[in-house]
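# Commentary on secondary and tertiary structure
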Amino acid sequence: MKLSCGTRFAFLVLFLFAAQSVAVYAGSFHKDVQIHWGDGRGKVRDRDGKLLSLSLDKSSGSGFQSNQEFLYGKAEVQMKLVAGNSAGTVTTFYLKAPGTMWDEIDFEFLGNISGHPYTLHTNVYTQGSGDKEQQFHLWFDPTKNFHTYCITWNPQRIIFTVDGIPIREFKNSESIGVPFPKNQPMRLYASLWEAEHWATRGGLEKTDWSKAPFTAFYRNYNVEGCVWANGKSSCPANSPWFTQKLDQGGVDKMKWAQSKYMIYNYCTDTKRFPKGVPAVCT
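These notes cover the structure that comes with them. This is a predicted model, so every value here is computed, not measured. (Residues numbered from 1 in each chain as written. Predicted model: local features only at pLDDT ≥ 70, side-chain atom pairs only at ≥ 80, totals over all residues. Heavy atoms only, no water.)

## Looking at the side chain of Gln-78
Residue placement: Gln-78 occurs in strand 5 (residues 69–80). A relative accessible area of 16% places Gln-78 in the buried class. Looking at Gln-78, its side chain comes within polar contact range of the side chain of Arg-219, at 2.8 Å. Of the polar contacts made by the side chain of Gln-78, one reaches the side chain of Asn-220; its length is 2.7 Å. With residues near it in sequence (within four places) discarded, Gln-78 still touches Phe-146, His-147, Thr-148, Phe-217, Tyr-218, Arg-219 and Asn-220. (Helix = DSSP H or I, 4+ residues; strand = E, 2+ residues; numbered from the N terminus. Buried < 20%, exposed > 50% of the residue type's maximum accessible area, 1.4 Å probe, protein only. Polar contact = N/O pair within 3.5 Å; in protein donor to acceptor, adjacent residues only side chain to side chain. Contact = heavy atoms within 4.5 Å.)

## Side note on the state of the cysteines
Each disulfide consists of one covalent bond between the sulfur atoms belonging to two cysteines. For the structure shown, the criterion picks out 2 disulfides. Between the sulfur atoms of Cys-226 and its disulfide mate Cys-235 the distance is 2.1 Å. Disulfide Cys-226 to Cys-235: torsion about the S-S bond roughly 110 degrees, handedness right-handed. The exposure class assigned to Cys-226 is buried, which follows from its relative accessible area of 0%. By relative accessible area, Cys-235 is classed as partly exposed at 38%. (Disulfide = S-S within 2.5 Å.)

## Some thoughts on the pattern of salt bridges
Tallied over the entire structure, the rule returns 7 salt bridges. For the salt bridge of Lys-31 with Asp-32, the shortest nitrogen-to-oxygen distance reads 3.1 Å. Take Lys-31: its relative accessible area is 54%, and that puts it in the exposed class. In this structure, the salt-bridge partner of Arg-41 is Asp-57, at a minimum N-O distance of 3.0 Å. (Salt bridge = Lys/Arg side-chain N within 4 Å of Asp/Glu carboxyl O.)

Right, here's the structure in full:
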């Protein structure tokens, strides 16, 4: 079949777009991460490195970390959480810097008793100080199918999204004296571990080890960010996430998620902060 110049050009555009999409979004657990603890309980499940599982039994949990460090970035993965009675387990996806004055940005999924919802716990640490928790229930069962969880971290804000819906925005409020994570490069981590002393209903529900091993699945991992190497970071040119902010549609979606599914907000916890909520909340 002979193609016209216009048709050939259209195919070329589609090919280049597809190639660009692959280059941007095609992460691999084989090349991008290392399973750094768990003694074989973490496993890449396919040849292409798209699917990874973490397991927990009474002896140990497991986890992986990114090979690179980043100073700002967009970290995204699809997860399917431990099904059934997962009380006492914590499944995570987060960014963290080393040291005693570390920065950290957290997605933590606190296990449940069968028939009860998971708790999605979010937090932001700066220079070793956290205490900025917001918690949610989800509008779906996160154990039935894979869902997409994303942290966007740029100089002005941190945005947490679930299936593309913003659930939380933590803005840079240094102008009013609130520290913001901007100086320490962070690695991406994920883990499955046991925290029965606090994870489920404040530790009231203990882990049922007869249900072990507990297994969570990760797929389609991708981090696009400013890679830190030799004491400096190198950012990809013209990355939308570097200046990303919520438009009115995003703000409306976040308000919906928070009004319907938020179960704890440190900004309204007057018992915890009797002298007034943190300045970033005002």
